[in-house]
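Secondary and tertiary structure notes
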Amino acid sequence: MKVSDRATGLMLVALGSAAYWGGSRLPPVPGQQVGPNVFPMVIGAALLVCGVLIMLGVGRTFEEDEKVVTTEAGDVADAAVAQPERGFVKGFLHDGWKVLIPPAALFFYYFASERLGFWITATLMVFSLAWSQGAKLKWAVALAVVAPALVHLVFYKLLRVPLPFGLLKFPWA
């Protein structure tokens, strides 16, 4: 079953709007500029923007086109159906191991972040996640450099949540 990008984007817009609205309804903490409402509002706004971008088709050119497979009789067959069965073990070794990368990245962050710091740990995590999911090397490196800086900036300046420094200090810390 395929779900259209418009339906997926609309669901993210609705979820983001609900999170933003719910966060805006939380009471402020007296004497603090940043209260419990900020994090749900930031996440809601990010979901809303991502939903709109998905609805507009931004990033669609990065996806690979599905290969058209023809049968011996000349009929067009679905590429997923036309591929031979690999079995569980061969299929897992071919692509299934990718499902283990996100939990492994979380364990890596838990055990390495205090020693290495957020910058190095997050850079390694983002690179390994992007590259294992099929991103080109230049995009994986660019994302691994930019994403941790943006996440740290949001946590440190907006949410005022300290992240571990480790071996490298951030310029704004």
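Quick summary incoming for the structure in this document. Values in this document were obtained by computation on a predicted structure and should not be read as measured data. (Residues numbered from 1 in each chain as written. Predicted model: local features only at pLDDT ≥ 70, side-chain atom pairs only at ≥ 80, totals over all residues. Heavy atoms only, no water.)

Some words on the overall build of the protein
Selection rule: The way it works is that DSSP assigns letters per residue, a run of H or I at least four long becomes a helix, a run of E at least two long becomes a strand, and they are numbered from the N terminus. The cut-offs for exposure are 20% and 50% of the maximum accessible area for each residue type, with area from a 1.4 Å probe on protein chains only; residues under the lower value are buried, those over the upper are exposed, and the others partly exposed.
Helices and strands together make up the secondary structure of the protein, namely seven helices and two strands. Helices and strands in the protein line up, N terminus first, as α-α-β-β-α-α-α-α-α. Buried residues in the protein amount to 19% of all 173 residues.

Here's the deal with the environment of Phe127
Just so we agree on the cut-off: What makes two residues a contact is simply this: any of their non-hydrogen atoms within 4.5 Å.
For Phe127, the location among the structural elements is in helix 6 (residues 118-132). The spacing of Phe127 and Ala147 is 20 residues in sequence and 9.9 Å in space, taken between C-alpha atoms. When neighbours within four sequence positions are excluded, Phe127 is seen to be in contact with Leu137, Ala140, Val141 and Ala144.

Some words on the environment of Ser132
Convention followed: Under this definition, polar contacts are N or O atom pairs within 3.5 Å; protein pairs additionally need one hydrogen-donor-capable and one acceptor-capable atom, and for neighbouring residues in sequence, both atoms have to be side-chain atoms.
In this fold, Ser132 is placed in helix 6. In the structure, Ser132 is positioned 33 residues away from Val99 in sequence and 9.8 Å away in space, judged by C-alpha atoms. A polar atom in the side chain of Ser132 sits 3.1 Å from the backbone oxygen of Leu129.

Here's the deal with a nonpolar patch on the surface
What counts here: Grouping into patches uses exposed residues only, defined as over 30% relative accessible area, and leaves out salt-bridged ones; the cut-off is 9 Å for like charges and 5 Å for nonpolar side chains (Val, Leu, Ile, Met, Phe, Trp, Tyr). Each accessible area value is a Shrake-Rupley result obtained with a 1.4 Å probe; residue values ignore everything except the protein chains displayed when judging cover. Basic side-chain nitrogens of Lys or Arg form a salt bridge, by our definition, when they fall within 4 Å of a carboxyl oxygen of Asp or Glu.
Taken together, Trp131, Leu137, Val141, Val145, Val146 and Leu150 make up a surface patch of nonpolar side chains, about 580 Å² in accessible area. In terms of residues, the nonpolar patch owes the most to one element, helix 7 (residues 137-158), which gives five residues. Mapped onto the secondary structure, Leu137 falls in helix 7.

Brief notes about the packing of helix 1 (residues 5-24) against helix 2 (residues 38-56)
Just so we agree on the cut-off: Note on definitions: angles span 0 to 180 degrees between N-to-C directions of axes, and those axes are lines fitted to C-alpha atoms, for helices only across the stretch in contact. Angle categories are assigned with fixed cut-offs, so that under 35 degrees is roughly parallel, over 145 is roughly antiparallel, 65 to 115 is roughly perpendicular, and the rest are oblique. What makes a crossing left-handed is the near helix being turned counterclockwise from the far one by less than a right angle; a clockwise turn instead makes it right-handed.
One way to put it is that helix 1 packs onto helix 2 with a least axis distance of 7 Å and a crossing angle of 160 degrees. Taken together, the axis directions place helix 1 and helix 2 in an arrangement best described as roughly antiparallel. Handedness of the helix 1/helix 2 crossing: left-handed.

A closer look at the packing of aromatic side chains
Let me state the cut-off plainly: When the centres of two rings from Phe, Tyr and Trp lie within 6.5 Å, Trp using its six-membered ring, the rings pair. Their planes under 30 degrees apart give stacked, over 60 give edge-to-face, and anything left gives tilted.
A complete count under the given rule lists four aromatic pairs for this structure. With a centroid separation of 6.3 Å and an interplanar angle of 80 degrees, the aromatic rings of Tyr109 and Phe118 are classed as edge-to-face. Judged by relative accessible area, which is 23%, Tyr109 ranks as partly exposed. When the ring of Phe127 is compared with that of Trp131, the centres are 5.7 Å apart and the planes differ by 25 degrees; the resulting orientation is stacked.

Considering helix 5 (residues 101-116)
The criterion, for reference: What a helix is expected to span follows from its residue count: subtract one and scale by 1.5 Å.
Here helix 5 is 16 residues long, yet its end C-alpha atoms lie only 19 Å apart, well below the 22 Å a rise of 1.5 Å per residue gives. For helix 5, the complete set of buried residues consists of Ile101, Ala105, Ala112 and Ser113. On its buried face, helix 5 sits against helix 6. Taken from the residues just after helix 5, Gly117 is the one with a positive phi, measuring 100 degrees.

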